[in-house]
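Observations on the model geometry
Each chain, written out:
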Amino acid sequence: MHSRFRLLLGLAAAALLCGQSPAPMDPANPTCPQAPDWSNNKTMALKVVKKGDAKVLLAEGPVDQTLPDRLKQALTDNPDISEIWLRSPGGNARAGNAAGRLIRSTPGLVTRIPAGWTCFSACNFVFMGGQLRVVEPGGNFMVHMFTMTGDRAAIDQSVALGTDTTVELIGDIEQESALLASEDNDFLIRMGVSRKLLTDIMYKQKAVAGGGGGDQSTRRCLTQDEVFKYNVANVQE
């Protein structure tokens, strides 16, 4: 009986170790982690490391306008880089697109979102530049609907100035939104990613959280099935 008790204790301990609770999910965005691991860097840091026999570029932090030039220099200085591992909260959309196109100009380069890491917003377009793309199980390809109305002070000021100024602001927002949507479509076509990623998921998210019923999430993390359905990832390991 004593040995049987010890066996049961051992099995219970093993079950606890194997069944540790996953990271808590975000109540407002239930497909995504509550505390995404996208680094605390102020701008995207580029660091070359060895992973086994491979040379890997770690790209961690926000995308800013300097990223394409810095990335080009890193790839020029290290032509034997085989993979780029990404985690980022996003940033400059057009810089993300430019960095993605730069990556695509390097044939065979792999982009990867490792397990536990999150690649959000502009980072999505950097990632999609890889000719070969891996989203590891537990890695988060997190998307949202872009917004051109983040500057609330500018909106309040235009409203205070009257109808004509507000209409002009709305016109500018509409034009910029149309241009960015067109650029996104063109980018996905060039990268071989399904444009349904935009219409099925990205553009269905709310740009700004608000009241009302139904789904109020502003972020969406793709499942493993979805990353392959939309050809976001094209390598399964």
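Every value quoted in this text rests on a predicted model; they were computed, and no experiment measured them.

Looking at the pattern of salt bridges
- Across all of its chains, the model carries 10 salt bridges by this definition.
- Close ionic contact of Glu183 with Arg94 constitutes a salt bridge, the shortest N to O distance being 3.1 Å. In this pair, Glu183 sits in helix H6 (residues 163-191) while Arg94 sits in helix H3 (residues 93-104), placing the two residues 89 residues apart along the sequence.
- For Arg94, a relative accessible area of 39% gives the class partly exposed.
- Across the pair Asp186 and Arg190 runs a salt bridge, and its minimum N-O distance is 2.8 Å. Remark: Arg190 and Asp186 occur in helix H6; sequence separation between them is four residues, near one turn of the helix.
- On the basis of relative accessible area, Asp186 is assigned to the partly exposed category, the value being 36%.

Examining the sheet that holds strand E6 (residues 132-135)
- Taken in spatial order, the five strands make up an open sheet running E1-E2-E3-E4-E6, and their pairing is mixed. If you trace the sheet from one side to the other, it starts and ends with strand E1 (45-51) and E6, each paired once. The mean inter-strand angle of the sheet, taken between neighbouring strand axes irrespective of direction, is 25 degrees.
- The pairing of E1 with strand E2 (residues 54-60) spans seven bridges and is antiparallel. If you follow Lys51 over to E2, its bridge partner there is Ala54.

What to know about the nonpolar core
- By size, the foremost hydrophobic cluster in this structure holds 45 residues, and its most contacted members are Leu71, Phe127, Met128, Phe141, Leu197, Leu222 and Val232.
- Contributions of two or more residues to this core are made by E2, helix H2 (67-77), strand E3 (81-87), H3, helix H4 (122-127), strand E7 (140-143), H6 and helix H7 (196-201).
- In terms of residues, this core owes the most to one element, H4, which gives five residues.
- Among residues more than four places away in sequence, those in contact with Leu71 are Leu46, Leu57, Ile84, Ala99, Leu102 and Ile103.
- One finds Cys32, Trp38, Met142 and Cys221 within the second-largest nonpolar core, a separate group that totals five residues.

Calculation rules
Residues numbered from 1 in each chain as written. Predicted model: local features only at pLDDT ≥ 70, side-chain atom pairs only at ≥ 80, totals over all residues. Heavy atoms only, no water. Salt bridge = Lys/Arg side-chain N within 4 Å of Asp/Glu carboxyl O. Helix = DSSP H or I, 4+ residues; strand = E, 2+ residues; numbered from the N terminus. Buried < 20%, exposed > 50% of the residue type's maximum accessible area, 1.4 Å probe, protein only. Pairing = 2+ DSSP bridges. Axes fitted to C-alpha atoms, helices over the stretch in contact; angles between N-to-C directions. Core = buried A, V, L, I, M, F, W, Y, C linked by side-chain atoms within 4.5 Å. Contact = heavy atoms within 4.5 Å.

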